[in-house]
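# Examination of the molecular architecture
Here are the chains, one letter per residue:
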Amino acid sequence: MSNKSTALVIGASRGLGLALAEEYLTRGWQVIATTRGHSEGLDKLRQRFGVSLEIEQVDIIDLSSVRALRGRLDARELDTLFVNAGICKANELTPLQVAEKDYLDMLLTNALSPMRVIELFHDRVKVDGVVATMSSELGSIADSTGFWELYSSSKAALNMLMKSFHARHVEDTRALLLVAPGWVRTDMGSQDALLDVSESIPLVVDVVNRNAGVPGLRFINRHGDELPW
Ligand SMILES: NC(=O)c1ccc[n+]([C@@H]2O[C@H](COP(=O)([O-])OP(=O)(O)OC[C@H]3O[C@@H](n4cnc5c(N)ncnc54)[C@H](OP(=O)(O)O)[C@@H]3O)[C@@H](O)[C@H]2O)c1
């Protein structure tokens, strides 16, 4: 186990996070995958990959649960931290229509909480490792067409917070990535999405791995192209 690269994937019960866990395992990595409840998908991966997969519990909007996970992983060194967890609520609504709680839930889950995870875990990542979080093409203010405006604004907020984190850690040698996976068929992406998970996640893992040892902040898509902020 000690010679293997290790990835911590936050929010891996289903969808893109589960696919990330599977992709790293298939590539021979040690994976610590988190869920906030029971995950059939992770159970199946555990049957296939045995002790290479460690399953942990965390709810990222519960700071005490994030701190508890940090405590449990205190002795671990990560090659990659990938914060994938996110939600989409009231995506078709406008600021006047949305229930305030739904919007606040999105900001808490998609922007503040991923950054709290990064604040608490980034020193567990090797100095030539990668800190990645799942952003979205929709998080680009420059490219916005107004589509899914409330969700998009939560990802733009995530991008801003990551940029501010970078500004506080300019000397940091780790790569800091905001990754846009494309529009992918998951519970969130819906069956109308353009891409199958298999057309996104292997490319996402390729691009994250290519960024190891390349310091600095980048907002990129699954091909590694830089996106306009
Ligand atoms: N699918 C797309 O087209 C697309 C495009 C761009 C960006 N993204 C982003 O990619 C990420 C994954 O999306 P997805 O399509 O895989 O969505 P999904 O199928 O709805 O899965 C979301 C994942 O996030 C977890 N999660 C949600 N809230 C959490 C919390 N408070 N604490 C811990 N885990 C939490 C969920 O866990 P539970 O099972 O416990 O709910 C689940 O594992 C999200 O950040 C999303 O915004 C997706």
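Residues numbered from 1 in each chain as written. Predicted model: local features only at pLDDT ≥ 70, side-chain atom pairs only at ≥ 80, totals over all residues. Heavy atoms only, no water.

## A closer look at the overall build of the protein chain
- In terms of regular secondary structure, the protein chain is built from six helices and seven strands.
- Each helix and strand of the protein chain, placed in order from N terminus to C terminus, yields the pattern β-α-β-α-β-α-β-α-β-α-β-α-β.
- Relative to the compact-globule value of 17 Å for 229 residues, the protein chain shows a C-alpha radius of gyration of 16 Å, a close match.
- Dimensions of the protein chain, computed from the C-alpha atoms along their principal axes, are close to 50 × 40 × 35 Å.
- Relative to its full complement of 229 residues, the protein chain shows a buried share of 49%.
- Restricting the contact set of the protein chain to residue pairs at least 6 apart, pairs at least 24 apart contribute 66%.
- Taken as a whole, the protein chain presents about 10,700 Å² of accessible surface, with 53% of it coming from carbon and sulfur. (Helix = DSSP H or I, 4+ residues; strand = E, 2+ residues; numbered from the N terminus. Rg over C-alpha atoms; globule rule 2.2 N^0.38 Å. Buried < 20%, exposed > 50% of the residue type's maximum accessible area, 1.4 Å probe, protein only. Contact = heavy atoms within 4.5 Å. Areas by Shrake-Rupley, 256 points an atom, 1.4 Å probe, with all protein chains shown as cover.)

## Thoughts on the site of the ligand
- The local shell around the ligand holds 28 residues, among which Ser 13, Arg 14, Tyr 151, Val 184 and Thr 186 are the closest.
- Interatomic distance of 2.6 Å between a side-chain N/O atom of Ser 13 and an oxygen atom of the ligand.
- With respect to the ligand, the side chain of Arg 14 contributes an N or O atom lying 2.7 Å from an oxygen atom.
- Taken together, the residues of the shell around the ligand sort by class into twelve nonpolar, eleven polar and five charged. (Near = heavy atom within 4 Å. Polar contact = N/O pair within 3.5 Å; in protein donor to acceptor, adjacent residues only side chain to side chain. Nonpolar A, V, L, I, M, F, W, Y, C, P; charged D, E, K, R; others polar.)

## A short note on helix H6 (residues 201-210)
- Within the span of H6, buried status applies to Ile 201, Val 204, Val 205, Val 207 and Val 208. Angular distribution of buried residues about the axis of H6 spans 165°; they occupy a single face of the element.
- Turning to H6, the residues buried within the fold contact helix H1 (15-26), strand E4 (78-83), strand E5 (125-134), strand E6 (175-180) and strand E7 (216-221). (Arc of directions from axis to C-beta.)

## What about the pattern of salt bridges?
- Taken as a whole, this structure holds 15 salt bridges when the rule is applied.
- Between Glu 54 and Arg 76 there is a salt bridge whose closest N-O contact spans 2.7 Å. In this pair, Glu 54 sits in strand E3 (residues 53-57) while Arg 76 sits in the loop between helix H3 (63-72) and E4, placing the two residues 22 residues apart along the sequence.
- As a salt-bridge pair, Asp 105 and Lys 101 come within 2.9 Å of each other at their nearest N and O atoms. Of this pair, Asp 105 and Lys 101 both sit in helix H4 (residues 100-121), four residues apart, which is roughly one turn of the helix.
- Residue Lys 101 is classed as exposed on the basis of its relative accessible area, which comes to 58%.
- Taken together, the salt bridges that share partners define one network made up of Arg 70, Asp 74, Asp 123 and Arg 124. (Salt bridge = Lys/Arg side-chain N within 4 Å of Asp/Glu carboxyl O.)

## Details of the side chain of Arg 124
- In this fold, Arg 124 is placed in the loop between H4 and E5.
- At 2.8 Å, the side chain of Arg 124 forms a polar contact with the backbone oxygen of Arg 76.

## What to know about the nonpolar core
- Of all hydrophobic cores here, the largest spans 31 residues; its most connected members are Leu 20, Tyr 24, Val 31, Phe 82 and Val 208.
- Only strand E1 (6-10), H1, strand E2 (30-35), helix H2 (40-49), E5, E6 and H6 provide two or more residues apiece to this core.
- In this structure Val 31 touches Ala 7, Val 9, Ala 21, Tyr 24, Leu 25, Ser 52, Leu 53 and Glu 54, once residues within four positions along its chain are discounted.
- Among the nonpolar cores identified, the runner-up in size contains 28 residues, and Leu 69, Ala 111, Met 115 and Leu 158 belong to it. (Core = buried A, V, L, I, M, F, W, Y, C linked by side-chain atoms within 4.5 Å.)

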